[in-house]
Amino acid sequence: MNKSQLVEQIRQKQSYLCVGLDPSLEKIPSHLLKEKDPVFAFNKVIIDETLDFAVAYKPNTAFYEALGPSGWESLEKTLEYLPSSVLKIADAKRGDIGNTSTLYAKAFFETLKADAITVAPYMGKDSVAPFLEFEGKWVILLALTSNTGSLDFQLFQDTSGTQLFEEVLKKSQTWGTVDNLMYVVGATRGEKIADVRKIIPDHFLLVPGVGAQGGSLQDVAKYGMNDNVGLLVNSSRGILYASSGVDFGKAARNEAHKLQEEMEQSLQEYGR
Ligand SMILES: O=C(O)c1cc(=O)[nH]c(=O)n1[C@@H]1O[C@H](COP(=O)(O)O)[C@@H](O)[C@H]1O
């Protein structure tokens, strides 16, 4: 999915919601555990119920890898099930020496057919470049993450006052283009999004951290929205586990709908 298709979907659905598909067997409704593939059965209902309100889905591979080969199969089936009208993000946070990154890129873009992958910038340009060589695919580079540990390195300042995440943005924006490179910026750092926008006004941002982590959608929209909306805001647990009963699908739908309504309002308020 290219940028104009993504923007068109956002305008059509009046939503920039990304649903995080992070299923864990301990949390999914117990009646699903008798299914042959409980994880896929769960995801399928979540996708069916939220598709009207979401433009992207982000399975975090950890939740599948933890289950061994059957988890990987559930991930494959989930990505296959998602329609081509949504952006399929493999949240794998990869990145290694170039030769190895090429194989990661093949695994996620060719074998799993994801549209996008999250990548860590720490090993530098030659670790990210192989992902960017895949036509029509996206790299989503970690810039300023939502966890408290982002204070340890990402907000570290050099002697000129530049913070590490700012250096990541400045340097890496020339590695790709606004058509194949996005950045992760946590919703829990709403006030920092204005600083991010000073460096990269035009790139899309993937913003996790609303819902369970308490980030403010209002702040994200206020500081982050650009001419093409430029935002994908992710919620995982807040949608997936809105109910632990047989009504979990309807409860997930309600949560996704609530977020979509907030997003629609913000598009009217801050959209250009
Ligand atoms: O790359 C990510 O998606 C990510 C980056 C970040 O800074 N913070 C963050 O929470 N995430 C992921 O986004 C999802 C957030 O899940 P919830 O907190 O349940 O909405 C998880 O899959 C996290 O691994």
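Residues numbered from 1 in each chain as written. Predicted model: local features only at pLDDT ≥ 70, side-chain atom pairs only at ≥ 80, totals over all residues. Heavy atoms only, no water.

An unreviewed UniProt entry lists the protein under the name Orotidine 5'-phosphate decarboxylase, with Lunatimonas lonarensis given as the organism. As recorded by UniProt, the Sequence similarities (unreviewed entry) comment attached to the protein reads in full: "Belongs to the OMP decarboxylase family. Type 2 subfamily." In its Catalytic activity (unreviewed entry) section, the UniProt entry covering the protein states "orotidine 5'-phosphate + H(+) = UMP + CO2". (UniProt positions renumbered as here; feature names shortened; annotations may be inferred.)

1. Here we look at the nonpolar core
Residues Leu 6, Tyr 16, Leu 87, Ile 89, Leu 205 and Leu 232 are the most contacted members of the largest nonpolar core, which totals 85 residues. Filtering out sequence-adjacent residues up to four positions away, Leu 6 remains in contact with Met 1, Val 55, Leu 87, Met 182, Phe 204 and Leu 232. (Core = buried A, V, L, I, M, F, W, Y, C linked by side-chain atoms within 4.5 Å. Buried < 20%, exposed > 50% of the residue type's maximum accessible area, 1.4 Å probe, protein only. Contact = heavy atoms within 4.5 Å.)

2. A closer look at the environment of Thr 78
Considering the arrangement of structural elements, one finds Thr 78 in helix 4 (residues 69-81). Taking the C-alpha atoms as reference points, Thr 78 and Lys 106, 28 residues apart in sequence, are found 18 Å from one another. (Helix = DSSP H or I, 4+ residues; strand = E, 2+ residues; numbered from the N terminus.)

3. Remarks on the site of the ligand
Close contacts around the ligand come from 17 residues, with Asp 22, Ser 146, Gln 213, Ser 236 and Arg 237 the closest. In the model, an oxygen atom of the ligand is placed 3.0 Å from a nitrogen or oxygen of the Lys 58 side chain. Between the ligand and Asn 60, the relevant distance is 3.0 Å, taken from an oxygen atom to a side-chain nitrogen or oxygen of the residue. Burial of the ligand by the surrounding chains reaches 90%, relative to a free accessible area of 510 Å². In terms of residue class, the shell around the ligand is made up of five nonpolar, seven polar and five charged. (Near = heavy atom within 4 Å. Polar contact = N/O pair within 3.5 Å; in protein donor to acceptor, adjacent residues only side chain to side chain. Areas by Shrake-Rupley, 256 points an atom, 1.4 Å probe, with all protein chains shown as cover. Nonpolar A, V, L, I, M, F, W, Y, C, P; charged D, E, K, R; others polar.)

4. Structural notes on the packing of helix 2 (residues 38-50) against helix 11 (residues 248-270)
Packing of helix 2 against helix 11 leaves a shortest axis separation of 8 Å and a crossing angle of 40°. When the interaxial angle is binned, helix 2 and helix 11 end up oblique. For the crossing formed where helix 2 meets helix 11, the hand is right-handed. Here helix 2 contributes Phe 42, Val 45, Ile 46, Glu 49 and Thr 50 to the contact with helix 11, which in turn contributes Phe 248, Gly 249, Lys 250, Ala 252, Arg 253 and Ala 256. Split by residue class, the contact of helix 2 with helix 11 holds six nonpolar, two polar and three charged. (Axes fitted to C-alpha atoms, helices over the stretch in contact; angles between N-to-C directions. Parallel < 35°, antiparallel > 145°, perpendicular 65-115°, else oblique. Left-handed = near helix turned anticlockwise from the far one by under 90°.)

5. Concerning the packing of aromatic side chains
Tallying each qualifying case throughout the model produces five aromatic pairs. Ring centres of Phe 40 and Tyr 81 lie 5.9 Å apart, and the angle between their planes is 85°; this geometry places the pair in the edge-to-face category. Here Phe 40, found in helix 2, pairs with Tyr 81, found in helix 4; they are 41 residues apart in sequence, far enough to count as distant. Assessed through its relative accessible area of 15%, Phe 40 is described here as buried. Ring centres of Trp 72 and Phe 108 lie 6.1 Å apart, and the angle between their planes is 70°; this geometry places the pair in the edge-to-face category. Residue Trp 72 is located in helix 4, and its partner Phe 108 is located in helix 5 (residues 98-111); the two are separated by 36 residues in the primary sequence. Its relative accessible area of 1% is what places Phe 108 among the buried residues. Through successive ring pairs, a cluster of aromatic residues spans Phe 42, Tyr 241 and Phe 248. (Phe/Tyr/Trp six-rings, centres within 6.5 Å; stacked < 30°, edge-to-face > 60°.)

6. Let's talk about the UniProt feature "domain: Orotidine 5'-phosphate decarboxylase" (unreviewed entry) in the protein
UniProt feature "domain: Orotidine 5'-phosphate decarboxylase" (unreviewed entry): in the numbering of this structure it lies at residues 16-252. Helix makes up 36% of residues 16-252 and strand 18%. Its end C-alpha atoms lie 16 Å apart.

7. Overview of the packing of helix 9 (residues 217-224) against helix 11
One can describe the packing of helix 9 onto helix 11 by two numbers: an axis separation of 10 Å at closest approach and a directional angle of 30°. Accordingly, the angle class assigned to the pair helix 9 and helix 11 is roughly parallel. When you trace helix 9 past helix 11, the crossing you get is right-handed. In this structure, helix 9 contributes Leu 217, Gln 218, Ala 221 and Lys 222 to the contact, and helix 11 contributes Leu 259, Glu 262, Met 263, Ser 266, Glu 269 and Tyr 270. Within the contact of helix 9 with helix 11, the residues separate by chemical class into five nonpolar, two polar and three charged.

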